[in-house]
Amino acid sequence: MIATRGTGAAGGRGGMDVVMGWYPLRRVRVRGPSMAPTLGDGDTVVAVRKNPRPGDVVLVTWDDRPGQLSVKRAVRPDGGGWHVEGDNPRGSTDSRGLGPARVHAVVLWRLAPAPRRLGRSRP
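This is a predicted model, so every value here is computed, not measured. One numbering rule holds for all chains: residues counted from 1, following each sequence as written. Local features in this predicted model are restricted to residues whose pLDDT is 70 or higher, and side-chain atom pairs enter the listing and the counts only when it is 80 or higher, whereas totals over whole chains, interfaces and linings include all residues. For the side-chain quantities, the full set of heavy atoms in the structure was used; hydrogens and water were omitted.

Asks: Can you explain unusual backbone geometry? Please cite residues and give values.
Replies: That bond from Ala36 to Pro37 is cis: its omega, 10°, falls within 30 degrees of zero. A cis amide bond links Ala112 with the next residue in sequence, Pro113, at an omega value of 15°. In DSSP terms, a helix is any run of H or I states spanning at least four residues, a strand is any run of E spanning at least two, and both are numbered starting from the N terminus. Within the secondary structure, Pro113 is located in the loop between strand 8 (102-112) and strand 9 (116-117).

Asks: I'd love a proper account of the nonpolar core, names of residues and values included.
Replies: Core analysis: the biggest nonpolar cluster contains 13 residues, and Leu39, Val45, Val57, Leu59, Val71 and Val107 have the highest contact counts within it. Of all the secondary-structure elements, those providing two or more residues to this core are strand 4 (44-48), strand 5 (57-61), strand 6 (68-78) and strand 8. Residues grouped as a nonpolar core are buried Ala, Val, Leu, Ile, Met, Phe, Trp, Tyr and Cys residues, joined through side-chain atoms within 4.5 Å. For each residue, the accessible area found with a 1.4 Å probe, counting protein chains only, is set against the maximum for its type, and the residue is called buried under 20%, exposed over 50%, and partly exposed in between. Formed by eleven residues, the second largest nonpolar core is a distinct cluster that contains Val58, Val84, Ala101 and Val106.

Asks: Would you mind going over the pattern of salt bridges in detail, with residue names and values included?
Replies: The salt bridge definition used is simple: a Lys or Arg side-chain nitrogen within 4 Å of an Asp or Glu carboxyl oxygen. Enumeration according to the criterion identifies seven salt bridges in this entry. Residues Asp43 and Arg110 are paired through a salt bridge, measuring 3.7 Å at the closest nitrogen-oxygen approach. Remark: Arg110 occurs in strand 8 and Asp43 occurs in the loop between strand 3 (25-29) and strand 4; sequence separation between them is 67 residues. Note that Glu85 is salt-bridged to Arg96, the shortest N-O span being 3.7 Å.

Asks: Mind laying out the confidence of the model for the protein, listing which residues take part and the relevant values?
Replies: Here the protein shows a mean pLDDT of 82. Residues at 70 or above account for 80%. When pLDDT is averaged over each element of the protein, strand 7 (residues 81-85) comes out on top at 97 and strand 2 (residues 16-20) at the bottom at 43. Every residue gets a pLDDT, meaning the predictor's confidence in that residue, from 0 to 100. Residues are treated as being in contact if the distance between any of their heavy atoms lies within 4.5 Å. Long-range and interchain partners of residues 4-22, a stretch whose pLDDT sits below 50, account for 49 contacts in this model, where long-range means more than four residues apart.

Encoded structure:
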């Protein structure tokens, strides 16, 4: 799942809109299939600035894709960053092709359509 910083539609292959909440929280609207079935297109989530652990859903960037913010699952520390993957391997561009990512926040809650806390899974 891809995001753009600020509001508005993400360019290119789908994405999500990021609406900056008050620091250290970010409210993010999900676009795209990469985190299905955990998160779906149109879900709204809240991310908190904190250190990730394997299995956390996280907001990440890659140096090769400046300005693009993505939602993925943290798998393991990898060099100076994290190996992250989408929950839907057929619909995800992630560390398997882009290498280690820089983690900026951990997604803790899905606000909509049905509020629930996101837990860790498949470390």
